[in-house]
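Chains, contacts and geometry: an overview
One-letter residues, chain by chain:
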Amino acid sequence: YGTADEASAAVANEIAALIRQKQQEGKPAVLGLATGSSPKKVYAELIRLHRKEGLSFQNVITFNLDEYYPMQPDALQSYVRFMKEFLFDHVDIPVQNYHIPDGTLSMEKIREYCMDYEKQMELHGGLDFQLLGIGRNGHIGFNEPGSHENSRTRLMTLDQTTRVDAAMDFGGLSKVPRRAITMGVLPILQAKRVVLIAWGEHKAGIIKQAVEGPVVESVPASYLQGHHNVSVVLDESAASELT
Ligand code: F6R
C-alpha cells in the first residue's frame, strides 16, 4: 500500500469481515492481537467501524501476544492499559472476552499460567486471525532471535534491541523490564490466518530478511514463510528493500 493509513484500513476491513461472518454463523471470532505503534491505526479504524457502521464486538474473543514482566496492569506502559486505551474501552467487547498475559504473577506460577493461556485459546477453537507487528530484530510477539519454531508461550528474556526501542516509553533503558511473557512461535503459527504489518523505512531491512531471506531462528518472523495463509502488509517505505 502507498501509506500506512490505507494499509491499516484494509487490515481493519478484513478483521471486520471476519467478525461479521462469524456473527452470521453464530460463532465467536477469535483474534490474536498485538500492541506497539504499528496496529494503532488498525484499532482506530475498527473503533470507527464500531461507531459509524454498527460493527459489534459482542462475539469477539481476543488473546494478546505479550506483556512485560513484571508489570502491573494499571502501569503506564502495560499492554493491558494500551489495549484498553486504543481498542477495548471504545468498543462493545465483553470484559471477560479479552485475555492479556498477566505480568503480576509470581515466578513459580508462570509456567502453568502459560500452558493454561494456550489451553484457553484451544478451548475457543484456536485463533481465527493473528495480527502481528515485527521488531527491528525480527521478533514476533516477544519471540526474540534464537526462539525455536516450536516454542510455546513462556517467559522470555528481552533482546537488547527490544529494550532500547522501548526505552523512550519507560523513560530510560534501565527502567525497561528485562523479561516479558510471550505467546510462543508455535501457537502463532497455528492461527488459521496471520497478517503481519510494518510501516516505515526503519522496518525495511528486517522485512527483506523475513520475507526474502532464509528461514532462520535469528529472524523469528521468517518462520511465517511456512504458514499456509499469511500476508505481510506494508507501506511503501517498509517494502522499499524488497526485490
Ligand atoms: C507487541 C509485539 C511486538 C511488536 C513489535 C513492533 O505486542 O508483539 O512484537 O509488534 O515490537 O513494534 P512497533 O509496532 O511499535 O514497531
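Keep in mind that this is a model prediction, so the values were computed, not measured. (Residues numbered from 1 in each chain as written. Predicted model: local features only at pLDDT ≥ 70, side-chain atom pairs only at ≥ 80, totals over all residues.)

1. Topic: the overall build of the protein
As a reminder of what qualifies: Here a strand is any run of E in DSSP of at least two residues, a helix any run of H or I of at least four, and the numbering for each starts at the N terminus. Each radius of gyration is computed over the set of C-alpha atoms, and the globule rule expresses the reference value as 2.2 Å times the number of residues to the power 0.38. Every C-beta atom is placed from the backbone, and the number of other C-beta atoms within 10 Å of a residue's own sets its class: buried at 20 or more, exposed at 12 or fewer, partly exposed in between. What counts as a contact is two residues whose backbone-derived C-beta atoms lie within 7 Å of each other.
Regarding its fold elements, the protein presents seven helices and nine strands. Computed over the C-alpha atoms, the radius of gyration of the protein is 17 Å, within 12% of the 18 Å expected from 2.2 N^0.38 for a compact globule of 243 residues. Each principal axis of the C-alpha atoms in the protein carries an extent, and together these give about 45 × 45 × 35 Å. The buried share of the protein, reckoned over its 243 residues, is 42%. For the protein, the share of sequence-separated contacts (at least 6 apart) that also reach a separation of at least 24 residues comes to 78%.

2. Some details on the packing of helix H1 (residues 4-25) against helix H2 (residues 40-53)
When two helices pack together, you describe them by how their axes are tilted relative to each other and by the distance separating the axes. What counts here: In this description, a line fitted to the C-alpha atoms serves as the axis of each element, helices being fitted only across the stretch in contact, and the angle between N-to-C directions of two axes falls anywhere from 0 to 180 degrees. In this scheme, roughly parallel covers angles under 35 degrees and roughly antiparallel covers those over 145, while 65 to 115 is roughly perpendicular and the rest are oblique. The sense of a crossing depends on the near helix, which, turned anticlockwise from the far helix by less than a right angle, makes the crossing left-handed and, turned clockwise, makes it right-handed. The residue classification treats Ala, Val, Leu, Ile, Met, Phe, Trp, Tyr, Cys and Pro as nonpolar and Asp, Glu, Lys and Arg as charged. All others, Gly included, are polar.
As a packed pair, H1 and H2 sit with axes 8 Å apart at the nearest point and diverge in direction by 55°. Here H1 is positioned oblique relative to H2, judged by the angle of their axes. Taken as a pair, H1 and H2 cross one another with a handedness that is right-handed. For the pair formed by H1 and H2, the contact residues are Ala4, Asp5, Ser8, Ala9, Val11, Ala12, Ile15 and Ala16 on the first element and Lys41, Val42, Glu45, Leu46 and Leu49 on the second. By residue class, the composition of the contact of H1 with H2 is nine nonpolar, one polar and three charged.

3. Section: unusual backbone geometry
Residue Pro70 is bonded to the preceding Tyr69 through a cis peptide linkage, with omega at -5°. Considering the arrangement of structural elements, one finds Pro70 in the loop between strand S3 (66-69) and helix H3 (79-86).

4. Regarding the sheet that holds strand S2 (residues 60-64)
Heads up, the condition is: Between any two strands, at least two bridges found by DSSP are needed for them to pair.
In spatial order, the strands read S4-S2-S1-S5-S8-S9; together these six strands make up an open sheet with parallel pairing. Only two strands of the sheet have a single neighbouring strand rather than two, namely strand S4 (98-99) and strand S9 (230-234). Sheet topology note: the strand S5 (residues 129-132)/strand S8 (residues 194-198) ladder contains three bridges and is parallel. Across the sheet, Leu131 pairs through a bridge with Val195, a residue of S8.

5. Let's talk about the nonpolar core
The condition is simple: Each nonpolar core reported here comprises buried Ala, Val, Leu, Ile, Met, Phe, Trp, Tyr and Cys residues connected via C-beta atoms within 7 Å.
If you look at the biggest cluster of nonpolar residues, it comprises 59 residues, and the most contacted ones within it are Met83, Ile134 and Leu196. With six residues, H1 is the largest single contributor of residues to this core. If we ignore the near neighbours within four places in the chain, the residues touching Ile134 are Ile140, Leu196, Ala198, Lys203, Ile206, Ile207, Ala210 and Ala221. Core analysis: the next-biggest nonpolar cluster, separate from the first, contains 10 residues, Tyr69, Cys114, Met156 and Leu158 among them.

6. Comments concerning the UniProt feature "domain: Glucosamine/galactosamine-6-phosphate isomerase" (unreviewed entry) in the protein
We count it as follows: UniProt positions are given in the numbering used here, feature names are shortened, and annotations may be inferred rather than shown by experiment.
If you check UniProt for "domain: Glucosamine/galactosamine-6-phosphate isomerase" (unreviewed entry), the listed places come out as residues 3-228 in our numbering. Between the end C-alpha atoms of residues 3-228 the distance is 26 Å, and the span holds 37% helix and 15% strand.

7. Some remarks on the sheet that holds strand S6 (residues 154-157)
Sheets are built from strands that pair by backbone hydrogen bonding, the pairs being arranged parallel or antiparallel. The strand order across the open sheet built from three strands is S3-S7-S6, with neighbouring strands paired in antiparallel fashion. At either margin of the open sheet sits one strand with a lone partner, and together these are S3 and S6. Adjacent strand axes in the sheet meet at a mean angle of 30° when their direction is disregarded. Sheet analysis places S6 next to strand S7 (residues 179-182), joined by four bridges and oriented antiparallel. Its bridge partner being in S7, Thr157 is matched across the sheet by Arg179.

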